[in-house]
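Listed below are the residues making up each chain.
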Amino acid sequence: MASPKPPSSSFATTSRTYLRPSAVTIDDSFLTETNNTQKCKLSQKRKTLSSCQSSMGGHLSPWPTYTSGQTILHNRKPCSDEYWKRAGWQQHPLGTTKPRYLEQLENYLRKELLLLDLSTDSAQELRLQPYREIFEFFIEDFKTYKPLLSSIKNAYEVMLAHQREKIRALEPLKAKLVTVNEDCNERILAMRAEERSEISMLKKEKMILLKLIDKKNEEKISLQSEVTKLRRNLAEEYLRYLTERDARKILIADLNELRYQREDMSLAQSPGIWGEDPVKLTLALKMTRQDLARTQMELNTMKANFGDVVPRRDFEMQEKTNKDLQEQLESLRDDYEEVRKEHEILLQLHMSTLKERDQFHSELQEIQRTSTPRPDWTKCKDVVAGGPDRWHMLAKGKNSDQLVDVLLEEIGEGLLREKDFFPGLGYEESIPSFLRFDGVVENKKPSKKDVVNLLKDAWKERLAEEQKEKFPDFFFSFLERHFGPADAMAWAYTIFEYIKLFHSNEIMSQFYAILMEKRSESVYIKQKETVTQLLKEMTNVDSQNEGLLTMEQLSTVLKSTFPIKKEEKIQELMEAGGWHPNSSNADFLNYHSLFMEDEEGHSMPFVQKLWEQYMDEKDEYLQELKQELGLELHDEVTLPKVRETLMIIDPCLDKQTLNSYLSQAFQLPVTELPEDSEEKEEDIVIQLQTVLERLQIVDIRRRGPREQEPTS
């Protein structure tokens with residue numbers, strides 16, 4: 001029967017929007033919602049297929065019964081050649097045709113299958129969707145079988161969802177299995193690499209052992225050959241000794257027989273006739289021949305064994321020559337090593353000199369850029385009291401820094417003379433004992449010469465004092481004895497201000513340093529003793545008592561008085577005494593003038609140079625102590641370490657002097673110093689900077705030369 005053609009295009013479009021496989025887990029609620037949605041869409045699609053309902057007539061079509069053995073729909077592409085051939089074969093003239101609804105379903109299925117994209121991963125899900133829709137159409141159209149068909153469809157859907165859940169659950173296990181597989185492969189490769197390295201090591205060890213076995217076998221063979229040779233030599237020696245023994249026995253028998261024959265012949269001869277014994281001559285001839293044969297054999301043996309041997313005399317001569325050459329070679333090697341070390345040292349010195357040069361150059365440029373012009377000191381001659389003559393006397397031989405001090409002293413002296421009173425400093429512990437006063441004290445306004453003379457008198461009394469008290473207390477007692485208790489404090493403040501101001505005056509500066517405990521009075525005493533001893537030595541050399549010495553005698557006296565001073569230091573002292581490079585050794589010098597002082601207590605350049613050298617040598621001594629300790633100033637040092645270092649840098653130190661140094665450095669009485677190698681020595685620890693500052697105060701000097709390392 002004829003029926004209107006369904007709108008296949010709208011049906012295909014509707015089905016395309018429905019065909020979308022999902023990877024989300026499908027549960028029962030989701031299936032229910034999906035079924036409801038599909039029912040809504042299928043109800044729309046069924047309207048397109050409503051024209052075919054008339055062919056069904058409310059019951060199933062009997063068409064398959066009439067066409068038994070024919071396939072409704074083959075699993076082939078609808079548009080292929082084979083399909084059209086089969087379709088043409090099916091149209092045999094039996095007089096029966098398919099229902100229109102079935103044809104529409106097959107056409108719809110073919111169109112949907114053609115429109116599917118089977119190249120994706122979810123191709124099977126997409127392929128199942130058209131069949132699912134066809135089955136829905138059947139369920140909706142056959143009301144009688146709808147419950148059964150729906151339950152069948154739902155059972156299959158639940159099973160498919162369950163299988164998807166299983167597949168989704170197995171995906172992480174698959175990834176984990178891949179990871180475990182890669183890890184196992186890496187372990188296997190690592191084990192194989194380790195086995196290969198171990199096999200290579202075992203092979204190397206095997207080769208080494210095989211070589212050792214070969215070497216041992218060679219040694220065994222050589223030893224066996226040597227044993228065989230020794231056995232053969234032993235057998236030959238044994239045979240030779242046997243032959244020699246038999247020959248000796250035969251010779252003894254022959255000698256006995258000849259002796260007996262001689263005795264018989266001597267008895268048979270007449271007593272008056274004596275001649276040569278023919279038997280004796282025969283025996284002598286025989287023995288001589290044997291000796292000749294033996295000598296010839298020995299000569300041949302000597303020629304064979306020692307034909308290529310050098311004579312002993314030549315050997316000894318060559319050996320001596322070789323020994324001399326070897327000694328020369330060793331000497332040259334030592335010289336080369338020494339020269340190489342000196343070359344390296346010179347290179348280092350060169351590099352350090354270059355760095356210093358560059359540093360000095362940069363400093364010079366910086367100073368030239370930032371420094372101010374040098375002052376014109378000649379302007380001061382019209383300002384200083386005494387006029388140009390006194391200024392020339394004050395400025396002679398002084399640099400700019402010293403001239404500033406001189407100028408400040410002149411200004412300070414003027415200010416001091418203008419003051420009439422000094423304020424008292426109080427009674428605090430930080431105030432020196434001779435300045436503890438509360439109130440106002442009078443300025444005595446003495447001259448500079450008076451202060452110097454007063455300090456000299458104080459030193460004379462201090463040196464003559466038997467029972468020593470503290471220097472500040474002695475100073476105040478001295479002022480009380482000279483000026484009375486009433487004026488002692490005023491004189492103390494006045495002298496203190498003067499000696500604090502005049503740094504350029506030796507007596508004042510030294511007295512101030514000792515009074516403020518910045519320097520020990522033993523330094524001043526030792527310096528005076530040195531000057532006195534030097535004057536005494538010069539007087540002893542001056543046999544004529546004329547007060548004159550030649551430059552050569554002066555040099556001799558200086559070297560004998562200061563045996564450890566370097567030659568350049570002696571040269572500086574001689575230049576300070578008046579010697580010049582163009583002077584002759586026969587020139588005379590008035591040595592008393594070297595030790596004179598002016599009215600203000602200034603020493604001559606010779607004594608000043610002696611004091612400067614002492615201070616420089618003390619600084620060098622303490623710097624050498626620091627370098628030998630190898631510590632920084634903030635590091636701590638123990639008493640035994642200082643003791644050991646002092647003995648290293650100055651081996652001539654006696655025990656008493658060493659203990660006095662240690663007592664000053666660690667502020668311990670000499671009687672309480674622990675002996676060497678005592679355990680409690682290690683407990684006495686102090687900072688290195690403190691040790692050096694305390695040793696700087698006292699009289700410390702080198703007692704002898706430092707032992708030099710032996711040179712090759």
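Residues numbered from 1 in each chain as written. Predicted model: local features only at pLDDT ≥ 70, side-chain atom pairs only at ≥ 80, totals over all residues. Heavy atoms only, no water.

Another aspect to go through is the overall build of the chain. For the chain, the count of helices and strands is 21 helices and six strands. Across the chain, every contact between residues at least 6 apart in sequence was considered, and the portion connecting residues at least 24 apart equals 67%. Approximately 49600 Å² of the chain is accessible, and the part contributed by carbon and sulfur atoms is 56%. (Helix = DSSP H or I, 4+ residues; strand = E, 2+ residues; numbered from the N terminus. Contact = heavy atoms within 4.5 Å. Areas by Shrake-Rupley, 256 points an atom, 1.4 Å probe, with all protein chains shown as cover.)

With that settled, the discussion passes to the environment of Glu597. In this fold, Glu597 is placed in the loop between β4 (588-590) and α18 (605-629). Aside from chain neighbours lying at most four places away, what touches Glu597 is Lys456, Ile507, Lys528, His602 and Ser603. Polar contacts involving the side chain of Glu597 include one to the side chain of Lys456, which spans 3.0 Å. (Polar contact = N/O pair within 3.5 Å; in protein donor to acceptor, adjacent residues only side chain to side chain.)

With that settled, the discussion passes to helix α12 (residues 448-464). Compared with the 24 Å implied by 1.5 Å per residue over 17 residues, the 25 Å span of α12 between its first and last C-alpha is a close match. When we look at burial in α12, the residues that qualify are Lys448, Val451, Val452, Leu454, Leu455, Ala458, Trp459 and Arg462. Buried positions in α12, seen along its axis, are confined to an arc of 160° and lie on one side of it. Exposed side chains of α12 directed beyond 90 degrees from the buried face belong to Lys460 and Ala464. (Expected span 1.5 Å × (residues − 1). Buried < 20%, exposed > 50% of the residue type's maximum accessible area, 1.4 Å probe, protein only. Arc of directions from axis to C-beta.)

Attention now goes to the side chain of Gln527. On the secondary structure map, Gln527 appears in helix α15 (residues 521-541). Not counting chain neighbours up to four residues away, the residues in contact with Gln527 comprise Val607, Leu610, Trp611 and Tyr614.

Attention shifts here to the nonpolar core. Among the nonpolar cores identified, the biggest contains 36 residues, and Phe434, Leu455, Leu479, Ile495, Ile499 and Phe511 are the most heavily contacted of them. Per element, the largest residue contribution to this core is 16 residues, and it comes from helix α13 (residues 471-501). Counting 23 residues, the second-largest nonpolar core is a separate cluster that includes Tyr621, Phe666, Ile684 and Leu695. (Core = buried A, V, L, I, M, F, W, Y, C linked by side-chain atoms within 4.5 Å.)

Now for the side chain of Arg110. Among the structural elements, Arg110 can be located in helix α5 (residues 100-115). No salt bridge is formed by the buried Arg110, whose closest oppositely charged neighbour, Glu106, lies at an N-O distance of 4.1 Å. A distance of 2.2 Å separates polar atoms of two side chains, one belonging to Arg110 and the other to Asn107. (Lys, Arg positive; Asp, Glu negative; His and termini not counted. Salt bridge = Lys/Arg side-chain N within 4 Å of Asp/Glu carboxyl O.)

Here we come to unusual backbone geometry. In the Ramachandran plot, Lys445 falls in the positive-phi region, its phi being about 50° despite a non-glycine side chain. At Glu517, a position not held by glycine, the phi torsion is positive, near 60°. Of note, Glu517 is situated in the loop between α14 (506-515) and α15.

With that out of the way, let us pick up a negative patch on the surface. Together, Glu568, Glu572, Glu575, Asp616, Asp619 and Glu620 give the surface a local cluster of negative charge. Along the chain, Asp619 falls in helix α18. (Patch = residues over 30% accessible without salt bridge, like charges linked within 9 Å, V, L, I, M, F, W, Y side chains within 5 Å. Charge placed at Lys NZ, Arg CZ, Asp CG, Glu CD.)

The subject of this paragraph is the packing of aromatic side chains. Under the definition given, this model contains 16 aromatic pairs. An aromatic cluster of three or more residues is present, and its members are Phe434, Trp459, Phe471, Phe474, Phe475, Phe478, Phe496, Phe511, Tyr512 and Tyr524. A cation sits over an aromatic face here: Arg240 above Tyr241, 4.8 Å from the ring centre. (Phe/Tyr/Trp six-rings, centres within 6.5 Å; stacked < 30°, edge-to-face > 60°. Lys NZ or Arg CZ within 6 Å of the ring centre and 35° of its normal.)

Among the secondary structure elements, Phe483 is positioned in helix α13. The residues contacting Phe483, other than those within four sequence positions of it, are Leu454 and Trp491.

Moving on to the environment of Lys456. Structurally, Lys456 is set in helix α12. Note on Lys456: relative accessible area 27%, which makes it partly exposed. Measuring from C-alpha to C-alpha, the distance between Lys456 and Ile507 comes to 8.1 Å, with 51 residues separating the pair along the chain. Residues within four places of Lys456 in sequence aside, it is in contact with Ile507 and Glu597.

Time to look at the packing of α15 against helix α16 (residues 551-561). Look at α15 against α16: their axes get within 10 Å of each other, and the N-to-C directions meet at 135°. Considering the angle they form, α15 stands oblique to α16. In terms of crossing hand, the pair formed by α15 and α16 is right-handed. Contact residues: Leu534, Glu537, Met538 and Val541 in α15; Gln553, Leu554, Val557, Leu558 and Thr561 in α16. Of the residues contributing to the contact of α15 with α16, the split by class is six nonpolar, two polar and one charged. (Axes fitted to C-alpha atoms, helices over the stretch in contact; angles between N-to-C directions. Parallel < 35°, antiparallel > 145°, perpendicular 65-115°, else oblique. Left-handed = near helix turned anticlockwise from the far one by under 90°. Nonpolar A, V, L, I, M, F, W, Y, C, P; charged D, E, K, R; others polar.)

Time to look at a nonpolar patch on the surface. Judged by side-chain polarity, Met207, Leu209, Leu210, Leu212 and Ile213 come together as a nonpolar surface patch covering roughly 440 Å² of accessible area. Within the secondary structure, Leu209 is located in helix α7 (residues 146-268).

Further remarks concern the packing of α5 against helix α6 (residues 123-141). Axis separation between α5 and α6 bottoms out at 9 Å; the angle between their running directions is 160°. Here α6 runs roughly antiparallel to α5, going by the angle between their axes. You can see that α5 and α6 cross each other, and the crossing is right-handed. Of the residues in α6, those in contact with Tyr101, Leu105, Tyr108, Leu109, Glu112 and Leu113 of α5 are Arg127, Pro130, Tyr131, Glu133, Ile134, Phe137, Phe138 and Asp141. Considering only residue class, the contact of α5 with α6 consists of ten nonpolar, no polar and four charged.

This part covers α14. The α-helix winds at 3.6 residues per turn, so residues separated by three or four positions along the chain end up facing the same way. In terms of residue burial, α14 counts as a mostly covered element, since nine of its ten residues are buried. All of the buried residues in α14 are Glu506, Ile507, Met508, Gln510, Phe511, Tyr512, Ala513, Ile514 and Leu515. Lining the buried residues of α14 we find α12, α13, α15 and α18. The backbone nitrogen of Ile507 lies 3.2 Å from a side-chain oxygen of the residue at the head of α14, namely Asn505. Just past α14, the residue Glu517 takes up positive phi, approximately 60°.

On to the confidence of the model for the chain. Chain-level statistics for the chain give a pLDDT mean of 78 and a share of 79% at 70 or above. Confidence drops under pLDDT 50 across residues 1-34; counting only partners more than four residues distant or on other chains, this segment forms 50 contacts. The low-confidence segment residues 47-95, where pLDDT is below 50, has 54 contacts with residues more than four positions distant or belonging to other chains. (pLDDT = per-residue confidence, 0-100.)

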